[in-house]
Amino acid sequence: MRYLPTGAQMKQGDQKTITEMGMPSMVLMERAALSVVEMMESEQLDLKKVLVVCGSGNNGGDGFAVARLLHLKGYAVDVWFVGKESSMTEETRLQKQIAVHYGVPVKERVGEDCYTVIVDAIFGIGLSRQVSGTYYNVIENLNQMDAIKVAVDIPSGLSADTGDVLGIAFAADFTVTFAFQKIGMLFGMARKLVGKLVTASIGIEPSVYDGRGDVCYTYDRTDLKNLLPARDPDAHKGNYGKVLLIVGSPGMAGAAYFSAKAAYLTGAGLVQIYTAKENQSNLQQLLPEAIITTYERYEEEKLKELLEWADVVGIGSGLSMSETAQHLLSTTVRCAKKPCMIDADGLNILSKDRALFEKLTPDCILTPHMKEMAGLCGHSVKELKEERFRYFQEFLGSIPSVCVMKDARTLVGRDGRPVYVNTSGNQSMAKGGAGDVLGGMITGLLAQKIEPYEAGTLGVFLHGLAGDAAQKKKGSYSVLASDILDGIAEVLTAESTEMILREKC
Ligand SMILES: NC(=O)C1=CN([C@@H]2O[C@H](COP(=O)(O)OP(=O)(O)OC[C@H]3O[C@@H](n4cnc5c(N)ncnc54)[C@H](O)[C@@H]3O)[C@@H](O)[C@H]2O)[C@@H](O)CC1
Ligand SMILES: Nc1ncnc2c1ncn2[C@@H]1O[C@H](COP(=O)(O)OP(=O)(O)O)[C@@H](O)[C@H]1O
Ligand SMILES: [K+]
């Protein structure tokens, strides 16, 4: 698990380390600078002539320290100080003095010199407003220079909170960020402007955020072993849950297939699909492992019997917005009284039926993509993209359920729990059927008695890993939902092989 702080939260982490651990600010800065130099050397950058551009804040202080360390290693370095003397922090003033004492040339302007590497230490997480005036011109100028570009902590001009470009931003080839990747680096233009990212440990420990519900987090592959439910050698299929999937409509057998197969591949014990009669023979051939039950019209008693049978329910993928679909959803939400994943058309129906929306329970998990989310919360997709955290939190405050807001960076949350930000997955997954697979996976995890919030975070993470495995085989263009299904098996096979090896050791 890895925290993803905002700029302000990172500052609190710095301060806590300084005041509570007694770690001097100058030591943190030295370690930050050392990590930048280490990256530049290990990446074998051409350090023939380096320009370090420093602002007046502590980001500039890091820059002066980087320049001094490079100078002492014998590299030719110039510092271009573009900040204001009057607004320098105490640490930066000190770093500037030290650099000057060691003989580092500090310039007020740069002329025609050619540099092989440019280090950007103008603004870090303290950027608080639009970049304008001289700073704008400097960054514009640096972006036009023909050199390898290295950003200290975050490219200057990028918001550490949103990834927005505040006027203009340094376009880095490499960024060395300190202690934690900042949340903004995952969104918007940041993904293009950060370049290759190195997260350097400088003495600020993750424990600075322990117990805080407001700091977002993500998972890495190494977390998987602690997240997956154990498989008991004495188990029978009943141990891993009975899944009822109310999915698919005439012409939408695929959604039923993808979600049911995904539930099985993720570990569910038994999967029953309740779908339109027209899909029966197709589904029986596609997935003989599933029980297929069908309807021609809405039958309340039959549905209630199936809801009684199930341990968990998944509803909505490819369901359509027909009257039958509306009855199916309404009865499920009102009567299921068990964990229930609601996807796709289930969500579209919910956004039009506010009385039903009010019946959502803590056992429900909604999986809207941005357009479905717009329908549910009443904000446009544009607004959601611009202020995704604000509207997501607002929505969580209005429901007792878990919400998985799907996008290139999917968010998972529940009111009162921290927001999970997914960092697995890739652009090859922007294809029809990928969401059906996710819905099935989450339902499969619910069936294994994982709580809805954890089923959401783990399901989304695993789904992305499965997409990454698919992309390795099929590239960024040709991945189909069925390749993501294969990816689930690949990821879980690798993980269970490791589990077996660990048990034997
Ligand atoms: N002890 C610490 O606090 C540590 C800080 N570190 C570095 O310090 C950075 C944060 O330092 P600061 O909080 O001093 O902030 P910054 O160095 O990011 O810059 C803030 C300064 O820029 C000004 N400013 C903000 N936006 C502006 C704009 N658009 N136009 C003009 N001026 C603007 C602010 O008024 C302030 O003077 C981190 O990113 C990191 O590089 C690291 O050395 C680790 C330890
Ligand atoms: N660029 C991307 N990067 C990472 N994940 C992606 C990307 N594009 C799509 N996905 C994932 O693929 C899934 C698509 O879901 P959805 O839009 O509901 O698809 P469908 O309804 O066609 O099945 C979501 O889980 C989303 O997070
Ligand atoms: K910077």
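Residues numbered from 1 in each chain as written. Chains lettered and ligands numbered in written order. Predicted model: local features only at pLDDT ≥ 70, side-chain atom pairs only at ≥ 80, totals over all residues. Heavy atoms only, no water.

Chemist: Hey, could you run me through the overall build of the protein chain in this one?
Modeler: Secondary structure assignment for the protein chain yields 19 helices and 18 strands. Dimensions of the protein chain, computed from C-alpha atoms along their principal axes, come out at roughly 85 × 55 × 45 Å. When burial is assessed residue by residue, the protein chain has 54% of its 505 residues classed as buried. Separation between the mean location of the 52 positive side-chain charges and that of the 61 negative ones in the protein chain comes to 1 Å. (Helix = DSSP H or I, 4+ residues; strand = E, 2+ residues; numbered from the N terminus. Buried < 20%, exposed > 50% of the residue type's maximum accessible area, 1.4 Å probe, protein only. Lys, Arg positive; Asp, Glu negative; His and termini not counted. Charge placed at Lys NZ, Arg CZ, Asp CG, Glu CD.)

Chemist: Can you walk me through the UniProt feature "binding site: K(+)" (unreviewed entry) in the protein chain in this structure?
Modeler: UniProt records the feature "binding site: K(+)" (unreviewed entry) for Asn59, Asp120 and Ser156 in the present numbering. Annotated residues spanning 98 residues; largest pairwise C-alpha distance 9.4 Å, indicating a single compact cluster. Note that Asp120 resides in strand E5 (residues 117-121). The residues touching Asp120, leaving out its near neighbours within four places in the chain, are Val53, Asn59, Val150, Ala151, Val152, Ile154, Pro155, Ser156 and Phe170. As for its placement among the helices and strands, Ser156 is situated in the loop between strand E6 (148-152) and strand E7 (174-178). With residues near it in sequence (within four places) discarded, Ser156 still touches Asp120, Ile122, Phe123, Ile139, Ile168, Ala169 and Phe170. (UniProt positions renumbered as here; feature names shortened; annotations may be inferred. Contact = heavy atoms within 4.5 Å.)

Chemist: Even after reading the chapter, I still don't get the site of ligand 2, so can you show me in this structure?
Modeler: Residues in close proximity to ligand 2 total 18 residues, the closest being Lys406, Asp407, Thr410, Gly433 and Gly435. Take Lys406: an N or O atom from its side chain is 2.7 Å from an oxygen atom of ligand 2. For ligand 2, the accessible surface in isolation is 580 Å², of which the surrounding protein chains cover 78%. Examining the composition of the shell around ligand 2, we find that four residues originate from one element, helix H17 (residues 434-447), more than from any other. A per-class count over the shell around ligand 2 returns five nonpolar, nine polar and four charged. (Near = heavy atom within 4 Å. Polar contact = N/O pair within 3.5 Å; in protein donor to acceptor, adjacent residues only side chain to side chain. Areas by Shrake-Rupley, 256 points an atom, 1.4 Å probe, with all protein chains shown as cover. Nonpolar A, V, L, I, M, F, W, Y, C, P; charged D, E, K, R; others polar.)

Chemist: Could you clarify how one ought to interpret the coordination of the potassium ion (ligand 3) in this entry?
Modeler: Around a metal, the perfect tetrahedron of four donors has angles of 109.5 degrees, and the perfect octahedron of six donors has angles of 90 or 180 degrees. For the potassium ion (ligand 3), every protein donor is listed as Asn59 (OD1), Asp120 (O), Asp120 (OD), Phe123 (O), Val152 (O), Ile154 (O) and Ser156 (OG), and the spread of their distances is 2.6 to 3.2 Å. Between the donor residues of the potassium ion (ligand 3), the gaps in sequence give the motif N-x60-D-x2-F-x28-V-x1-I-x1-S. Within this pair, whereas Asn59 is found in helix H3 (residues 58-72), its partner Val152 is found in strand E6, the two being separated by 93 residues in sequence. Classification of Val152 as buried rests on a relative accessible area of 0%. (Donors = N, O, S within 2.8 Å, 3.2 Å for Na, K, Ca; no water.)

Chemist: Teacher, can you tell me more about the pairing of strand E16 (residues 402-405) here?
Modeler: As a general feature of sheets, a regular strand has side chains that alternate between the two faces. On E16, burial covers both faces: Val402 and Val404 on one face and Cys403 and Met405 on the other are all buried. Pairing of E16 with strand E17 (residues 411-413) involves three bridges; the strand directions are antiparallel. Each residue of the ladder has a partner; that of Met405, found in E17, is Leu411. (Pairing = 2+ DSSP bridges.)

Chemist: What exactly am I supposed to notice about the pattern of salt bridges here?
Modeler: Where side chains of opposite charge bring their charged atoms close, a pairing between them can arise. Throughout the structure, instances matching the rule amount to 23 salt bridges. Its salt-bridge partner being Glu85, residue Arg93 comes within 3.9 Å of it at the nearest N-O pair. We classify Glu85 as partly exposed; its relative accessible area is 38%. With a closest N to O distance of 3.1 Å, Glu386 and Lys382 form a salt bridge. You can see Glu386 and its partner Lys382 sitting in helix H15 (residues 381-386), four residues apart, about one turn around the helix. Through salt bridges with shared partners, a single network forms among Lys49, Asp78 and Lys107. (Salt bridge = Lys/Arg side-chain N within 4 Å of Asp/Glu carboxyl O.)

Chemist: Help me understand the packing of helix H14 (residues 370-377) against helix H16 (residues 388-398) in this model?
Modeler: Geometry of a packed helix pair, given as the angle between the helix axes and the separation of the axes. Close contact between H14 and H16 brings their axes to 11 Å; oriented N to C, the two are set at 55°. Relative to H16, H14 is oriented oblique. Crossing angle aside, the handedness with which H14 passes H16 is left-handed. On H16, the residues touching Met370, Met373, Leu376 and Cys377 of H14 are Arg388, Phe392 and Phe395. Taken together, the residues of the contact of H14 with H16 sort by class into six nonpolar, no polar and one charged. (Axes fitted to C-alpha atoms, helices over the stretch in contact; angles between N-to-C directions. Parallel < 35°, antiparallel > 145°, perpendicular 65-115°, else oblique. Left-handed = near helix turned anticlockwise from the far one by under 90°.)

Chemist: Quick question: what am I supposed to make of the domain arrangement of the protein chain here?
Modeler: Size of an interface: often given as the accessible area lost when the parts come together. Here the domain parsing of the protein chain yields domain 1 (2-218) and domain 2 (236-504). Inter-centroid distance (C-alpha atoms) of domain 1 to domain 2 is 41 Å. Of the residues lining the interface, eleven residues belong to domain 1; the matching set on domain 2 comes to 14 residues. Taken together, both faces of the contact between domain 1 and domain 2 bury some 1,100 Å²; the carbon and sulfur share is 59%. If you look at where domain 1 meets domain 2, you find zero salt bridges. Taken together, the connections running from domain 1 to domain 2 amount to six residue pairs in polar contact (both at pLDDT 80 or more). Mapped by element, the contributors of at least two residues to the side of domain 1 that touches domain 2 are strand E1 (2-4) and strand E9 (216-218). Tallying contributions element by element places E9 first for the side of domain 1 that touches domain 2, with three residues. For the side of domain 1 that touches domain 2, the class distribution of residues is seven nonpolar, two polar and two charged. (Domains from an automatic or database assignment. Buried area = accessible area lost by both parts, 1.4 Å probe.)

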